[in-house]
Structures are given as C-alpha cells and as structure tokens.
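Per-entry structural report
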Amino acid sequence: MSTIITNIGQLVTPIGKSPLNGKKMNELSLHKDIQISIKDGKIVAVEVRGSKTDSGGLIIDAGGGVVIPGLVDPHTHAVFAGTREEEFLARCQGEEYTGGGIGSTARSVAQISEEELIKSASHRLKEMLSHGTTTVEIKSGYGLDMENEIKLLNVIKRLSKENRLRLVATFLGAHAFPSGMHRADYISLIITTMIPYVSRYRLAKFCDVFCDSGFYTIDEARTILRAARGAGLLLKLHADELASTGGAELAAQLKVTSADHLLHISDRGIAALKEAGVIAVLLPGTAFSLNKRYAPARKMIDTGLPIALASDFNPGTCLINSQLIIIGLAVLKMGLTIEEALTAATLNAAAALEMADRIGSLEEGKSADLVILALDNYRQIPYFFGHNPVMKVLINGQLVWDRNRDRY
Ligand code: NIG
Ligand code: FE
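One structure accompanies this document, and this report is about it. Keep in mind that this is a model prediction, so the values were computed, not measured.

1. Some thoughts on the pairing of strand β5 (residues 42-48)
In this structure, strand β4 (residues 34-39) lies alongside β5, joined through six bridges in antiparallel fashion. The partner of I38 across the bridge, within β5, is I43. The antiparallel hairpin formed by β4 and β5 contains two residues in its connecting segment, where D40 sits at a positive phi of about 50 degrees.

Listed below in structure tokens is the structure:
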C-alpha cells in the first residue's frame, strides 16, 4: 500500500536517530516543493514535487500547509479516574501543592472497572491525537496496590491494541505510599511482587519512581530502580520537581533513559546528566499550572544536555494534553527557540522513549507518523498559542485524523 503526500507548503523536521543537543537542536531540515512517498507504513522518499509516483496509491493533499513529524509525548499519567478541580482552585487561592491528591485519584481508580477506565482514556487519547500527538507514554501510579497497578497497566495494554496511537507503558507503583501501610512494606511489595509480575507479563517498558521531598528518598528510589533493571525494565525518574534532593545525580549514577521535571535541578545535576547521557524531559505545563518556576532549560541546552518536552497530562498538576501548547510554553516561558522546542517534542522525545531509530523525524526508513498543520510556516506554531491548526494526522502511513471529517 503506497501513499503520497503532495502540495506541502513547508516540511520541517529534525534529522537523525539519536537525541540532538546544543546548537544541533536548532538545526531543522526545511523543505519546500517536495512530496513524501510512503510504502508499507514507512517513508520511502522525501523528493521533489511531481516526481514519478507509484500508480494506484493514495494521494493526500496537504493543502499547502506545514508538515511536521508526529508529536511524541514522553511523560503522561493519562489513565486516571475522577477529577480534582477543588484542589486546583484551592491552589489558585494560594494553597501549596503537596502531592496529597495522588491518594484521592487512587481511591477513584479503585472504584471503577477496566472497561470504564478504557472508555475515559480512549476519549482523552483521541483528543491528544486531534492535537497532533502520535506517540504517548502513559504511567501507572494511581493504583498503589497490586490489583490496581496491574489494572492500570492492563488498561494501557488494551488501549494500545484498540487505538491507532503508539502507546508506551511505564510502571510507576512508586508514585506515593498507600495509606495504612509501612513504607518499607510497600517498597518490598513493589520489589518482590509487582516488578516481577510487570516484567513477566510484559506490562511496561519502563519503571519510574517519584523521587522527591515527601515522596521516595534517593536510597528508596535507587533500590526500586535497581530491582526494575534487574527484571529487564528500562528506567526513568521523576526528579527534583518539588525540591532539590539530588534526583538528577541519582538518575546520572544509574544512567537512566530520562530524568523528568527538574525544576530544582542543581548545576552539578545538569553536568552529571550530560556526562551520563541522560535525557532531561521538561514539563512546562506543570510549572505553569502549579504557578512554579520553570526548569532551567536554557542553561541545560547551553551546557549540551539534550532536552525533550512532555505534557505530564494528569488530574492533579497539569490538565494540558496538547504538545502544541507545551511547545508554545517552552518558547514563551523557558526561552527555547521554536526550532529547539520542535526538536524536543519530536526526535528528542522519541529518544526519551528509546524509539528515535523508528519515529521522531521525517526521513527515509522512519515510520510515516506526521501532522499536517493549517499554517503558513512552522514559526507560527507558538504564535497561534492555544489554537489548534491540526488538519490531518498520519500514523504508520494511515490517515487517522482528518479535521474535515472529524474522523478517527
Ligand atoms: O508528574 N509528580 C508526580 N506526579 C504527577 C502528579 C501527581 C498528582 O498530583 O496526581 C506529576 O506532576
Ligand atoms: Fe509526572
């Protein structure tokens, strides 16, 4: 099955199969007057417009718009139950975020079935797709016991079979501590029972820990992550979000795939991540929604640390689910150039999921995951902050979203 995308006003993409850092984050490849040929879900050519085409293939007209790689969201908590608007409004009136709401979402999750979780999450994923996101990482972590953590991971597995989006599951049993249980006992349950089960039934690619003040200590996080690695899982870490506790340094020591949040990262932490080859995943939607400082993105890029952007979409600290808005915030609030932000939400975000060999850029051999935007040029993306310019979305060469047909 072959497809050709024609009438592309501008095609813009980072290039490569590994994360870009420093000045390379600014070096996008920009084309006009070209077309994209797709065969069996993969890009086979980015070539001059009007080149000889396979007869009989599908032709998709980009309407003179901008084509970018499918957006990759490498950090979300998108499967949850219940809402927490009162907590949000209290925070707007000056109350501090303590993370206590995680338990309230966990109580809501415990009360509903897998089917109901699938229904609400499918709706959220469809909304993300309509904003140009084609790959989403989703964490468990609102279960906090064996039955409910596994329920959340099963939901992600079923969603990934039933949805067009590419989903990546992360086990975050160590998100908070369940009430009425000693922390050492819960950690032992995670290590002796949950991780082996998750690994045996291949329910997650990554294991993550909320390592922060009031949550998991450095030593606890290290113990859990080592056990997860021993069981064959790849690693991520929520680090230095609420306070500077040395999470980045731990992430570097363990050479995890990504360290996420990093609002309070130290200079030593930045240097350590760079040295260890860890990707910094930044979540400006969370800083915005909590009215907190932003992670020092400029300093990180200027030091040569590759950064990725994610939404952190969750019911407590960030309801933003659009990577286009996250790109806008990164440009507006963290001083990224639009080129750096696009690289961070595509190729580097794919690298934060260990998928940069297959997705994250538009070049021969990669999967045809792409977004057609009704814009004159890509530099309008942050300018039209809050608009949704997404016209069409392709995943694996398949048209999975068409605004004109509201199709999925
Ligand atoms: O990434 N930091 C930890 N977890 C989530 C929010 C959890 C919640 O409040 O529900 C986050 O911000
Ligand atoms: Fe998070």
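Okay, back to it.
2. As for helix α4 (residues 146-162)
Taking 1.5 Å per residue, 17 residues should reach 24 Å; α4 reaches 24 Å between its end C-alpha atoms and fits that length. All buried positions along α4 are accounted for by N148, E149, I150, K151, L152, L153, V155, I156 and L159. Packing partners of the buried residues in α4 comprise α2 (101-111), α3 (114-130), β9 (133-139), β10 (166-174) and α5 (183-200).

3. Comments concerning the packing of helix α6 (residues 218-230) against helix α7 (residues 247-254)
Look at α6 against α7: their axes get within 11 Å of each other, and the N-to-C directions meet at 25 degrees. As summarised for this structure, α6 and α7 are arranged roughly parallel, according to the angle between their axes. Crossing of α6 over α7 shows right-handed handedness. Residues I218, A221, R222, L225, R226 and R229 of α6 form the contact with α7, whose own contacting residues are G247, L250, Q253 and L254. Residue composition of the contact of α6 with α7, by class: five nonpolar, two polar and three charged.

4. As for the pattern of salt bridges
For the structure shown, the criterion picks out 18 salt bridges. Of the charged contacts in the structure, one is a salt bridge between E115 and R158, with a shortest N-O distance of 3.0 Å. Placement of E115 in helix α3 and of R158 in helix α4 is noted, with a sequence separation of 43 residues between them. Judged by relative accessible area, which is 47%, E115 ranks as partly exposed. The exposure class assigned to R158 is partly exposed, which follows from its relative accessible area of 28%. Residue E220 pairs with R183 through a salt bridge whose shortest N-O separation is 2.8 Å. Here E220 is found in helix α6, whereas its partner R183 is found in helix α5, with 37 residues between them in sequence. You can call E220 buried: its relative accessible area is 15%. Taking the relative accessible area as the measure of exposure, R183 reaches 34% and is therefore partly exposed. Three or more residues are tied together by salt bridges with common partners; here these are E114, E115, R158 and E162.

5. Description of the coordination of the iron ion (ligand 2)
Bound to the iron ion (ligand 2) are the protein donor atoms H75 (NE2), H77 (NE2), H238 (NE2) and D312 (OD), situated 2.1 to 2.4 Å from the metal. We note that the donor set of the iron ion (ligand 2) lies within a single chain, spaced as H-x1-H-x160-H-x73-D. Classification of H75 as buried rests on a relative accessible area of 0%. Relative accessible area serves as the criterion here: at 2%, H77 is assigned to the buried category.

About the cut-offs
Residues numbered from 1 in each chain as written. Chains lettered and ligands numbered in written order. Predicted model: local features only at pLDDT ≥ 70, side-chain atom pairs only at ≥ 80, totals over all residues. Heavy atoms only, no water. Pairing = 2+ DSSP bridges. Helix = DSSP H or I, 4+ residues; strand = E, 2+ residues; numbered from the N terminus. Expected span 1.5 Å × (residues − 1). Buried < 20%, exposed > 50% of the residue type's maximum accessible area, 1.4 Å probe, protein only. Contact = heavy atoms within 4.5 Å. Axes fitted to C-alpha atoms, helices over the stretch in contact; angles between N-to-C directions. Parallel < 35°, antiparallel > 145°, perpendicular 65-115°, else oblique. Left-handed = near helix turned anticlockwise from the far one by under 90°. Nonpolar A, V, L, I, M, F, W, Y, C, P; charged D, E, K, R; others polar. Salt bridge = Lys/Arg side-chain N within 4 Å of Asp/Glu carboxyl O. Donors = N, O, S within 2.8 Å, 3.2 Å for Na, K, Ca; no water.

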